[in-house]
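Coordinate inspection notes
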Amino acid sequence: MQTSVVPARPVPFPVSNPLLGVLPLIQSDPLRVMERATLEFGPVTHLPMPGMEAWVLGTPRLAHHVLVANVKNYVKQTRGYEMLRHVLGNGLVTSEGDFWKRQRRIAQPAFHRERLAAFGEIMTRATDDMVDGWALGKPFDFAAEIMRCTLRVVGEALLSADVTRDADGVGRALTVGLEHLIHRTLHPLSLPEWVPTPRNTRFKEAVAELDRVVGDIITQRRAGGGPQHDLLAMLMESRDPETGEGMTDAQLRDEVMTIFLAGHETTANNLSWLAMLLGHAPDVERRLVAEARAVLGDAPPTMESMPRLPLAMNAVKESLRLYPPIWTLGRRVVEDDVVEGYRLAKGSLVFVSPWAIHRLPEYWPDPLAFDPDRWAVEDPRRQHGSYLPFSMGQRKCIGDTFAMAEALLIITRVLQRVHLSLVPGQRFTPEPVITLRPRGGVQVVASARA
Ligand code: HEM
């Protein structure tokens, strides 16, 4: 970014523990650390930590620098990704270099707009079945329901697999797995994974459960042929251009596991947060219902009807701004770099936090307000890098269009059919377990639409 400047003295994050620095704070409230570093001390904040150099980069311009302009210098060789590899293996999210490029090229066509058109019906059918199962007037956890629904959607749409029977097991395993990974990421001194502590044993069982479900999907496809046009088929039929060989079983497992998990958990969290936000914004909910009624009547929304539901799209965008499921992106610096006058040494860690950048008042006036209408007008303040729920650059989410469509179709269909009221007395604390979840879920009561 700048090369011929004298490096400035770093602005340190204030800490009271001289030995451990910011580590205890990161362990107890990482969101707050990202937020304070970005909003109070930024744009470049040094995080004092034992044995490592770490920085928070807190402007859209710096996010663009790390994720786009100088992306080659910022790699995923961090403890967080190393932990993720324990579940996802070396798939699209965690791999790098030429291997990643090749895998991304194979998978990309499954996400082309024309392909997505076919998925709308899967999404609304899964929603209808979910709503059909709700007992009106009785409290239930919307977060758990929506997790099952999005799992079914990714299974059917991309892998042509019916995973409804496995949904509860996958949900439990995923919660155990993510909680374990964030714990180990933030507690570098915890006992190694081979030590049979109760935590380690629970984690191993959780990965075994996920492996079983993913293994079944692959085995069934190998045995039965199945559809030739979905993402699983593309992965299975791909051949290395040099050797002519297909993917090994291990590679296939890692890619399927990645799509299976990355493809439903984030979207479910987004929808949970959206339901929470709408529960606090009855006026927006009323307008969404009116928009759906005017455009669709009682018919389910489709991919084609989406452009005629702008308020629904804006509500989804705004929920991703306030509660981005991927709340922080971490990267390792490959070669010394100088940003905004600060030298980032080779090997340092840098963090870019969508959670915090989405709250910068210079770009988002009244940043804490849930205001879908802010998206109705072009705002020059919203420059590249100020909104990055899907990251940006070459490692941007492959499923961004899929996810936005899914959220819009599901929330519209739910609101067409029922009114959801939040059970009073809930706190909705964001829990950053790799992805951002509402702690304790979102307890709601559904009532029929008049
Ligand atoms: C609201 C929903 C979603 C959000 C907020 C989200 C967010 C993200 C973010 C921030 C990244 C970059 C992660 C990194 O740098 O390590 C990412 C990558 C990825 N996402 Fe998503 N995602 C969502 C939905 C989906 C869906 C529906 C799919 C698949 C069906 C998916 C598949 C992936 C994959 C495969 C990658 C790795 C891409 C690559 O590096 O080539 N995501 N996502």
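Structure: see above.
Rules of the game
Counting restarts for each chain, with residues numbered from 1 along the sequence as it is written. Given that this is a predicted model, residues contribute local features only at a pLDDT of at least 70 and side-chain atom pairs are listed and counted only at 80 or more, while totals for whole chains, interfaces and linings are drawn from all residues. We count a stretch as a helix when DSSP gives it H or I for four or more residues in a row; a strand needs E for two or more, and each element gets its number in order from the N terminus. Atoms counted for the radius of gyration: C-alpha only. Globule rule: 2.2 Å times residue count to the power 0.38. Exposure is read from a count of other C-beta atoms within 10 Å of each residue's own; the residue is exposed at 12 or fewer, buried at 20 or more and partly exposed in between. C-beta atoms are placed from the backbone. Distance between backbone-placed C-beta atoms decides contact: two residues are in contact if it is within 7 Å. Placing a C-beta atom from the backbone of each residue, we mark the residue near a molecule or strand if the atom is within 6 Å of it. The axes are straight lines fitted to the C-alpha atoms, using for helices just the contacting stretch, and the angles between their N-to-C directions are given from 0 to 180°. Note: crossing handedness is left-handed where the near helix turns anticlockwise from the far helix by less than a right angle, and right-handed where it turns clockwise. The classification used treats Ala, Val, Leu, Ile, Met, Phe, Trp, Tyr, Cys and Pro as nonpolar, Asp, Glu, Lys and Arg as charged, and all other residues, Gly among them, as polar. By our criterion, buried Ala, Val, Leu, Ile, Met, Phe, Trp, Tyr and Cys residues that link up through C-beta atoms within 7 Å make up a nonpolar core. Should DSSP find at least two bridges between two strands, the strands are taken to pair.

**As for the overall build of the protein**
Counting its secondary structure elements, the protein contains 17 helices and 13 strands. In summary, the protein has a C-alpha radius of gyration of 22 Å against a globular reference of 22 Å for 450 residues, a match within 12%. Expressed along its principal axes, the backbone C-alpha trace of the protein runs to roughly 65 × 55 × 45 Å. Here the protein holds 450 residues, and 41% of them are scored as buried. Summarising the internal contacts of the protein: among those between residues at least 6 apart in sequence, 75% fall at separations of at least 24.

**Observations concerning the site of the ligand**
In the vicinity of the ligand lie 24 residues, with G263, T266, C397, G399 and A403 positioned nearest. Those elements that place two or more of their residues in the shell around the ligand are α8 (142-159), α12 (249-262), α13 (265-279) and α17 (400-417).

**Comments concerning the packing of helix α15 (residues 310-322) against α17**
Here α15 crosses α17 at 115 degrees, and the two axes come no closer than 9 Å. Crossing geometry of α15 relative to α17 is assigned as right-handed. Each of A312, M313 and V316 in α15 lies in contact with α17, whose residues at this interface are M404, A407, L408, I411 and T412. For the contact of α15 with α17, the class distribution of residues is 7 nonpolar, 1 polar and no charged.

**Quick notes on the nonpolar core**
It is characteristic of soluble globular proteins that their nonpolar side chains tend to be buried jointly. In terms of nonpolar packing, the biggest core is built from 115 residues, with L57, V256, L274, V350 and I411 touching the most fellow members. Residue contributions to this core peak at 11 residues, all from α8. Setting aside chain neighbours within four positions, we find V350 in contact with W55, L57, V66, Y74, R331, V333 and L344.

**Focus: the sheet that holds strand β10 (residues 418-422)**
Taken in spatial order, the 3 strands make up an open sheet running β5-β13-β10, and their pairing is antiparallel. One side of each edge strand has no neighbouring strand; the edge strands of this open sheet are β5 (139-141) and β10. Sheet twist, expressed as the average angle between the axes of neighbouring strands with direction ignored, equals 45 degrees. Pairing of β10 with strand β13 (residues 443-448), which is carried by 5 bridges, proceeds in the antiparallel orientation. Residue pairing across strands places L422 opposite V444, the latter belonging to β13.

**Topic: the environment of A448**
Counting through the fold element by element, A448 comes out in strand β13. Judged by the 9 C-beta atoms lying within 10 Å of it, A448 is exposed. Counting along the chain gives 428 residues from A448 to L20, while the straight-line C-alpha distance between them is 54 Å. When neighbours within four sequence positions are excluded, A448 is seen to be in contact with L136 and V418.

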